[in-house]
Amino acid sequence: MAPPGDLREWIGLLEREGELIRVSAEVDPHLEVTEIVDRVVKAGGPALLFENPKGSSHPLLVNQFGTERRMCLAFDADSLDEVGRRLGDVLEMQPPQGLVDKVKGLKKLKSIADSQPKSMRSGPSQEVVLTGDDVDLCALPVQTCWPGDAAPFITLPAVITKDPRTGGRNVGMYRMQVLDRRSTAMHWQIHKDGRADYLLADGKLEVAVALGLDPVTAYAASAPLPKHVDELMLAGFLRGEPVELVPGKTVDLEVPANAEIVLEGYIAKDDLTTEGPFGDHTGYYSPAEPFPVFHVTAITTRRDAIYPSIVVGKPPAEDAWLGKATERIFLPAIRMSVPEIVDYDLPVAGAFHNCCIVAIRKSYPGHAQKVMHAIWGLGLLSLTKSVVVVDEWVDVHDYNEVFFRVGANVDPKRDVLLSEGPLDHLDHAPTLQFYGGKIGIDATHKGPEEGARPWPEEIVMSDEVRRLVDERWGEYGIGSEAVAADGRDKGALRQLLRR
């Protein structure tokens with residue numbers, strides 16, 4: 001089964017899998033939808049299709065990405081690591097050594113060639129075309145998510161621009177504050193490629209915004225790709241078929257043929273407005289700041305178009321699994337740059353840019369510090385505020401184990417590195433915006449060459465006794481489901497700690 005070809009196929013798949021509920025009651029996109037969705041997301045609940053949002057004739061889809069299972073369904077994969085391996089197979093291509101290798105290599109090259117977007121003359125996204133006075137963003141069920149938000153915000157867009165120098169396409173996901181019927185603010189943060197295109201523009205920059213895409217293409221808009229890599233090519237590779245594009249009606253840009261809604265327009269150089277506050281994925285409101293104004297020249301839609309949205313806020317929120325998808329999918333790419341990395345984890349509670357836990361194959365003194373600096377020099381991971389490094393046998397996704405290693409293996413005088421560098425635009429903690437302190441914690445085992453005393457042996461039960469207990473477990477009358485494989489009743493432990 002291939003990944004869904006458009007949003008409607010995706011909704012159909014979610015329904016068949018019991019992963020979507022239709023809400024027929026009238027619900028207000030102003031705050032009410034957020035409170036519903038926030039409760040559902042935090043309970044691991046289904047996607048929600050609000051069929052009768054107040055003030056709009058367009059259904060509103062929220063929480064389509066809210067669980068690991070739905071992300072795997074989107075990619076037609078058993079796990080997100082499987083998706084990463086698909087990308088890794090291409091990144092790790094070597095010169096073929098024999099006929100079999102040559103055939104495999106040709107298949108991989110063909111999959112890359114077939115990933116390029118495909119130009120079409122027409123598509124469903126332009127079944128309805130609105131220009132001039134007919135353009136009305138207020139007809140869409142755009143959410144005001146939190147009480148302190150300055151206005152309704154479009155939160156799940158794929159914003160398409162061209163590099164004014166090279167003509168290369170960029171597709172990014174940037175929130176858009178609705179200003180009036182025909183304009184929005186465009187939240188192009190300082191480190192984003194869309195902002196780079198804007199700063200290079202001479203006079204004005206044409207922009208298209210696609211809403212309601214198939215889930216893989218929507219994900220690709222959020223992916224942290226290098227500027228010269230086309231997000232739509234990544235989407236085509238992960239989908240196994242190209243993204244189909246049609247010419248815009250009022251802009252010299254190609255737009256997804258199967259999108260539910262497309263906004264076309266332009267941003268004039270130095271045309272700024274006050275954007276925000278906005279309740280962001282950090283769990284705090286990002287403050288009001290000047291950002292460019294997007295002027296809408298056309299809205300094109302499918303008939304009976306469905307509007308997608310996403311609610312961010314205190315983690316966990318729906319964007320958690322978009323972030324986790326990126327974490328898993330880009331592990332092979334990170335290993336290409338830092339091959340000693342075994343695995344890494346970006347904790348959801350850390351809003352992804354506040355903490356990175358890394359397991360490495362440690363080979364020499366200072367190796368952990370070398371990896372810290374590598375992380376701080378790697379794409380958007382350079383914005384990471386704290387890095388924790390553990391040995392290769394540590395499960396970076398088990399935060400109890402990681403904290404155990406930090407507590408057991410760290411001498412703060414020797415193993416804590418304080419540095420400074422660029423920080424995320426949305427980070428409110430540093431004294432200076434965009435720049436501040438960073439911390440690295442080396443929680444690996446230490447050797448004498450690092451100035452450590454003889455390192456003690458770690459307590460581990462013998463394999464022989466473990467096998468004996470496994471075989472006799474039924475005789476003990478203790479029960480089997482409540483006790484974890486490592487002998488700890490984790491559920492009971494959590495309850496004990498809460499008392």
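Model, not experiment: these values are computed from the prediction.

Student: Is there a simple way to explain the pairing of strand β11 (residues 204-211) in this structure?
Tutor: Looking along a regular strand, one sees the side chains alternate between the two faces of the sheet. With six of its eight residues buried, β11 lies for the most part within the structure. Sheet topology places β11 next to strand β14 (residues 261-268); eight bridges connect them, and they run antiparallel. By the bridge assignment for β14, alanine 208 is matched with glutamate 264.

Student: Which parts of the structure should I look at to understand the packing of helix α7 (residues 215-222) against helix α8 (residues 231-239)?
Tutor: A pair of packed helices can be characterised by two numbers: the angle between their axes and the separation between those axes. As a packed pair, α7 and α8 sit with axes 9 Å apart at the nearest point and diverge in direction by 140 degrees. The angle between the axes of α7 and α8 places the two elements in the oblique class. The element α7 and its partner α8 pack so that their crossing is right-handed. Contact residues: α7 offers Val216, Thr217, Tyr219 and Ala220, while α8 offers Glu231, Leu232, Leu234, Ala235, Leu238 and Arg239. Residues that form the contact of α7 with α8 fall into these classes: seven nonpolar, one polar and two charged.

Student: Mind showing me how you'd approach the state of the cysteines here?
Tutor: A covalent bond between the sulfur atoms of two cysteines is what we call a disulfide. Going through the model one piece at a time under the given rule, you end up with zero disulfides. Here cysteine 145 stays unpaired: no disulfide links it, and the sulfur of cysteine 138, its closest cysteine neighbor, is 16 Å away.

Student: Explanation requested: the environment of glutamate 51 in the structure shown.
Tutor: Note that glutamate 51 resides in the loop between β2 (47-50) and β3 (60-62). Filtering out sequence-adjacent residues up to four positions away, glutamate 51 remains in contact with Arg22, Val23, Ser24 and Pro59. Within the structure, glutamate 51 has its side chain in polar contact with the side chain of arginine 22 (distance 2.8 Å).

Student: Explanation requested: the sheet that holds strand β23 (residues 416-422) in the structure shown.
Tutor: In a beta sheet, neighbouring strands pair by backbone hydrogen bonds and run either parallel or antiparallel. Spatially, the five strands line up as an open sheet ordered β20-β21-β22-β24-β23, and their pairing is mixed. Two strands close off the open sheet at either side, each with one partner strand: β20 (341-345) and β23. Averaged over all adjacent pairs, the angle separating strand axes in this sheet is 25 degrees, with direction ignored. Across seven bridges, β23 lies against strand β24 (residues 435-442) in antiparallel orientation.

What counts as what
- Along each chain, residues carry numbers from 1 onward, in the same order as the chain's sequence is written.
- Where totals are concerned, whole chains, interfaces and linings use all residues; where local detail is concerned, this predicted model gives features only for residues with pLDDT of at least 70, and gives and counts side-chain atom pairs only at 80 or more.
- Here the side-chain values reflect all heavy atoms present in the structure, with hydrogen atoms and water set aside.
- Under the scheme applied here, a residue whose accessible area is under 20% of the maximum for its type counts as buried, over 50% as exposed, and between as partly exposed, the area being computed with a 1.4 Å probe on protein chains only.
- Think of it this way: any DSSP run of H or I at least four residues long counts as a helix, any run of E at least two long counts as a strand, and we number them from the N terminus.
- Here, a strand pair is defined by DSSP locating no fewer than two bridges between the strands.
- Comment: axis = line fitted to C-alpha atoms, over the contacting stretch for helices; angle = value between 0 and 180 degrees taken between N-to-C directions.
- Working definition: roughly parallel below 35 degrees, roughly antiparallel above 145 degrees, roughly perpendicular at 65 to 115 degrees, and oblique for all remaining angles.
- By definition, any crossing whose near helix is turned counterclockwise from its far helix by less than a right angle is left-handed, and any crossing with a clockwise turn is right-handed.
- Every residue pair with non-hydrogen atoms within 4.5 Å of one another is taken to be in contact.
- Residues are grouped as follows: Ala, Val, Leu, Ile, Met, Phe, Trp, Tyr, Cys and Pro are nonpolar; Asp, Glu, Lys and Arg are charged; all remaining types, including Gly, are polar.
- Any two cysteine sulfur atoms lying within 2.5 Å of each other are counted as a disulfide.
- Definition of a polar contact: a pair of N or O atoms within 3.5 Å, with one able to donate and the other able to accept a hydrogen when the atoms are protein atoms, and with sequence-neighbouring residues admitted only if both atoms are side-chain atoms.

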